[in-house]
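Observations on the three-dimensional arrangement
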Amino acid sequence: MSGELKSLESVLDKYIPEDELREVKRILYGKKLGKLSLPASAEALATERDFELAGYVFEAKPEEMRHPRLVNIGLIQNQIVLPTTAPILQQREALCQRISSMIEVAAQCDVNIVCLQEAWTMPFVFCTREKQPWCEFAESAEDGPTIKLMQELAKKYNMVIVCPILERDELHGDILANTAVVISNSGKVMGKSRKNHIPRTGDFNESTYYMEGDTGHRVFDTQFGKIAINICYGRHHPQNWMMYGINGAEIVFNPSATIGALSEPMWAIEARNAAIANSYFTCAINRVGTEQFPNEFTSGDGQPAHKDFGNFYGSSYVAAPDGSRTPGLSRTKDGLLVSRVDLNLCRQVKDKWDFRVSSLKY
Ligand SMILES: NC(=O)NCCC(=O)O
């Protein structure tokens, strides 16, 4: 094989005969999801802008007492645009342009809530353990430049935007945090959720920059449903997922940055298992590409120093409380995954399986 594998699904599709493939996919992915029909104009723009666009439908049973609660969720995965040696402002502006152009396509697909990848405004610099110039990417979670841009887009497209950034908290000693900002569809900053488990494993040692967040397990009651954000490394901790469920989340996003050599076999399991265990939808997002840094760094594992982090494998997906899931986006290419979910499925699955988490004391 030359180069990176495009996706697991592309290999299954290529080599497994059609009738067996259907059964293989049922066993691997759960009940078959419908394809979401997306506007031809959106498909054309995605092709022109060179990113993958895919759409799926998660259905729930009709109920007599409740209307369906349909929500279109968009997940965006991307590589950095400019080399890490370009001026910081140019790197950020190039990413802002790229993401704005992808959000425009999400709007054409009637996306209600979009979530971007972890620290999307920058390369994943934390492996270098160098503070400068990287700390210059940090911005205020309340009114930083990227937040203002996302506020404009949220209002323009009537879309909730979950915007994970490197935060600089100027009101509290200028500390840094790895933070997801939730912007309502009216363009208001609803609040923020900080990464609460910080990796200290190999190249992923982010504690040089920031420590465990102090925002607990916040749930944001948006117009389109109750959402929460469990940033990257938090997905390895079942109790973390559980707390968002106890606090009432219906959709939990997991914006991430992780590489194949470390976590890929776990990727398809953890967020999906959380969806099953907590009767909510989970959305796992990972960046793509290999990022080269100017100076060598070591991983503390006896191996030679190196300038890159390895390949971020994308593979973003959505999983439902009944265990069904979408195929992953590409392992190598930018992409937008649109999933239409019916939030009624959360309670339907609780009633069926009784995996309830509750804050009530009996
Ligand atoms: N960004 C981040 O927390 N990465 C840690 C590695 C992983 O959790 O796979």
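Treat the numbers as computed from the prediction; the structure is a model and nothing was measured.

Each value, and the rule that gives it
Residues numbered from 1 in each chain as written. Predicted model: local features only at pLDDT ≥ 70, side-chain atom pairs only at ≥ 80, totals over all residues. Heavy atoms only, no water. Helix = DSSP H or I, 4+ residues; strand = E, 2+ residues; numbered from the N terminus. Rg over C-alpha atoms; globule rule 2.2 N^0.38 Å. Buried < 20%, exposed > 50% of the residue type's maximum accessible area, 1.4 Å probe, protein only. Contact = heavy atoms within 4.5 Å. Areas by Shrake-Rupley, 256 points an atom, 1.4 Å probe, with all protein chains shown as cover. Lys, Arg positive; Asp, Glu negative; His and termini not counted. Charge placed at Lys NZ, Arg CZ, Asp CG, Glu CD. Near = heavy atom within 4 Å. Polar contact = N/O pair within 3.5 Å; in protein donor to acceptor, adjacent residues only side chain to side chain. Nonpolar A, V, L, I, M, F, W, Y, C, P; charged D, E, K, R; others polar. Pairing = 2+ DSSP bridges. UniProt positions renumbered as here; feature names shortened; annotations may be inferred.

Within the chain one finds eight helices and 17 strands. What you see for the chain is a C-alpha radius of gyration of 20 Å, in line with the 21 Å of a compact globule of 362 residues. Taken along the three principal axes of its C-alpha coordinates, the chain extends 60 × 50 × 45 Å. Looking at the chain as a whole, 54% of its 362 residues are labelled buried. Across the chain, the fraction of contacts at a sequence separation of at least 24, relative to all contacts at a separation of at least 6, is 71%. Accessible area of the chain: about 16100 Å², with a carbon and sulfur share of 52%. Charge-centre separation for the chain: the mean point of 40 positive side chains lies 4 Å from the mean point of 45 negative side chains.

We now examine the site of the ligand. Not every one of the 14 residues close to the ligand is listed here, only the nearest: Glu118, Lys195, Cys232, His236 and Thr258. A distance of 2.7 Å separates an oxygen atom of the ligand from a polar atom in the side chain of Lys195. Between the ligand and the protein, one listed contact pairs an oxygen atom with a side-chain N or O atom of Arg235 at 3.0 Å. Considered on its own, the ligand offers 280 Å² of accessible surface; in the complex 100% of this is hidden by protein. Here the shell around the ligand is built from residues that sort into seven nonpolar, three polar and four charged.

This paragraph deals with the sheet that holds strand β1 (residues 34–35). Spatially, eight strands are ordered β1-β2-β17-β3-β4-β5-β6-β7 in an open sheet, and the strand pairing comes out mixed. Strands with a single pairing partner mark the edges of an open sheet, and in this sheet they are β1 and β7 (189–194). Of the strand pairs in this sheet, strand β2 (residues 52–58) and strand β17 (residues 335–342) are connected by seven bridges, and their pairing is parallel. Looking at β17, one finds that Phe58 is bridged to Val341.

Turning to the environment of Gly30, a few remarks are in order. Here Gly30 is to be found in the loop between α2 (18–29) and β1. Along the sequence, Gly30 and Gly323 sit 293 residues apart, while their C-alpha atoms lie 6.2 Å from each other. Setting aside chain neighbours within four positions, we find Gly30 in contact with Lys25, Arg272 and Ser324.

Following the UniProt record, one finds the feature "domain: CN hydrolase" (unreviewed entry) at residues 71–343. Secondary structure over residues 71–343 splits into 23% helix and 32% strand, and the C-alpha atoms at its two ends are 7 Å apart.

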